[in-house]
Amino acid sequence: MDSPPTRQIVVDDTDSRIVYSGLSWTPDNGNLDKIGTYGPTYNHTLHGTIVSSSMFFSFDGTSVSVFGTIQPPGLSIWECFVDQAKIQNGPSFTAAQNNWNLCEGDDLTAGPHTLSIHITPSADQTFWFDYLRYTPLPNVSFSDAILYVPSNEVILSSNWEPRGGIPSVDGISIAFQPRSVATFDFVGTHVAWYGWLLRFEPLKPANSTIVIDDGEPTNLLIGNTPPFDVTHPNIIFFETPQLPATQHKLVVTYLGDSDDVSSKQTPLSLNYLLVTITSTPFAPSSPPSSTTSSSQSSSSTSPSQPSSSTSQSSFTSASRAHSIPTGIIVGSVVGGLALVAVILWLYFLRSRRKRRRREQLDAREAQPFTMTQPLSFVDLTTKGSGTRSDFSSNAAPSFDPVIPHVEPSHKPPL
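Source: prediction; values computed, not measured.

### Thoughts on the pairing of strand β20 (residues 246-256)
Both strand β16 (residues 180-197) and β20 contribute to a ladder of nine bridges, which runs antiparallel. Of the residues in β20, the one forming a bridge with V181 is T253. Here six bridges tie strand β17 (residues 206-212) to β20, and the two strands are oriented antiparallel to one another. Note on β20: the bridge partner recorded for V211 is V251.

### A closer look at the packing of aromatic side chains
Applying the stated criterion across every chain yields a total of 14 aromatic pairs. With a centroid separation of 6.4 Å and an interplanar angle of 40°, the aromatic rings of W160 and W193 are classed as tilted. Taken together, the positions of W160 in strand β14 (residues 160-162) and W193 in strand β16 put the pair 33 residues apart, joining distant regions of the chain. Three or more aromatic residues joined by ring pairs make a cluster, and in this case those are Y20, W25, W78 and F127. The ring centre of Y148 lies 3.8 Å from the NZ or CZ of R133, which sits over that ring.

### Observations regarding the pattern of salt bridges
Following the criterion strictly, the structure yields three salt bridges and no others. For K86, the salt bridge goes to E79, with nearest N and O atoms at 3.0 Å. Residue classification places K86 among the exposed positions, given a relative accessible area of 52%. Among the residues examined, E79 registers a relative accessible area of 33% and is labelled partly exposed.

### Examining the confidence of the model for the protein
For the protein, the average pLDDT comes to 74, and 65% of its residues sit at 70 or higher. Within the model, the stretch residues 1-5 combines pLDDT values under 50 with eleven contacts to residues more than four positions away or in other chains. Scored below 50 in pLDDT, residues 363-414 shows 145 contacts in the model against residues more than four places distant or in partner chains.

### Topic: the environment of I235
Assignment of secondary structure puts I235 in strand β19 (residues 232-239). Sequence spacing of I235 and G39 is 196 residues, and the spatial spacing of their C-alpha atoms is 5.8 Å.

### What to know about the pairing of strand β12 (residues 145-150)
Most of β12 sits inside the fold, with five of its six residues counted as buried. Here three bridges tie strand β1 (residues 8-12) to β12, and the two strands are oriented antiparallel to one another. Bridge pairing in β12 places Q8 opposite Y148. Where β12 meets strand β22 (residues 272-277), six bridges bridge the pair, whose relative direction is antiparallel. Bridge pairing in β22 places I146 opposite T276.

### Quick word on the sheet that holds β14
A sheet is described by the order of its strands in space; here three strands give the open sequence β14-β15-β21, paired in antiparallel fashion. Of all the strands in the sheet, the pair left with one neighbour each is β14 and β21 (268-270). Here the average twist between neighbouring strands, direction ignored, is 25°. Bridge count between strand β15 (residues 173-175) and β21: three bridges; the pairing is antiparallel. Counterpart to A175 in the pairing with β21 is L268.

### What to know about the environment of L250
With respect to the helices, strands and loops of the structure, L250 is situated in strand β20. The spatial distance from the C-alpha of L250 to the C-alpha of D185 is 6.3 Å, given a sequence separation of 65 residues. Discounting chain neighbours no more than four positions away, the residues touching L250 are A182, T183, F184, F186, V191, I210, V211, I212 and F238.

Quick notes on the rules
Residues numbered from 1 in each chain as written. Predicted model: local features only at pLDDT ≥ 70, side-chain atom pairs only at ≥ 80, totals over all residues. Heavy atoms only, no water. Pairing = 2+ DSSP bridges. Helix = DSSP H or I, 4+ residues; strand = E, 2+ residues; numbered from the N terminus. Phe/Tyr/Trp six-rings, centres within 6.5 Å; stacked < 30°, edge-to-face > 60°. Lys NZ or Arg CZ within 6 Å of the ring centre and 35° of its normal. Salt bridge = Lys/Arg side-chain N within 4 Å of Asp/Glu carboxyl O. Buried < 20%, exposed > 50% of the residue type's maximum accessible area, 1.4 Å probe, protein only. pLDDT = per-residue confidence, 0-100. Contact = heavy atoms within 4.5 Å. Axes fitted to C-alpha atoms, helices over the stretch in contact; angles between N-to-C directions.

Rendered as structure tokens:
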């Protein structure tokens, strides 16, 4: 469970592919977002049960991880299985937390699997399921999926500091130095940047710029942060607006405080990205030259074959013309003409459909990547709704966690 994850598919608790057994499951919409220090629940939703229940999810892949909300004391008892084989539960903890690793199965045989979770709740606590992540098989296509991309798959300039000097934190990179650049190419419609608020003394606000597809830079102000006695992971630093379903390039540059680079400034951290994808990043594309040469080869050999076949058919027809009835000849000609007409009609319909689709795509324009004022970062000292905000928002998001006095002694789930 210590190896850093690769790209995975995220499945929320509201996904219709998850099967909840019985009628005892209750949805929650953000009521537990502010507990603990591991950030709000994913998409502000949970599914909970207070009686013995089960849930199931089928997938094709090589690993799966399950996350939820824990509320000790009196934790529920749960057991996770993949194809009837029990997998390891996550670590125990003494304080309430969201985004907690409930169980994880690695090194699964590549192929179809069924995850099952069987729950025995305690007398006074609810078992809460939030989301799962699984590693899909190569060469599998996806559409409208959420892709988990760890920080080590984002191109970072050399002045980013891996792990941020904190030995217990894996999979996180931090920008302390001005002009630290992160670049990420993707095919999709939306990106959310997740980082960590690290334990620091109060720091000055710092600026970053965000550019999509070589457009105008948008300013991101990482605002004043109070001192923390614990680290806060799973915090959204920013989200993009909705984008056209095409290839995009995201470039984020940490500027720091350009007026006083020697001052203590709030750093920019990156733990992972959540990308709404419209085509799979797992299926390798075929080399164009191979397809082209194959087509050319096919087209170059096709004319020669009919030539030989036509010559042989003509010879045979000439020698046997006297034995073929006129009705058969007329019927063959009429049938051939009808077949040609059907083929031409289908070609016309397909061409018209392609032309309309192309016109629709050309008409689509990217939403403007602008905002009327700099977006301040999460202020943990201000009470708020705990909701997220993207670049089109004029108000700064806020988040008011209840910070326990117990320091985690293990590595938080990434």
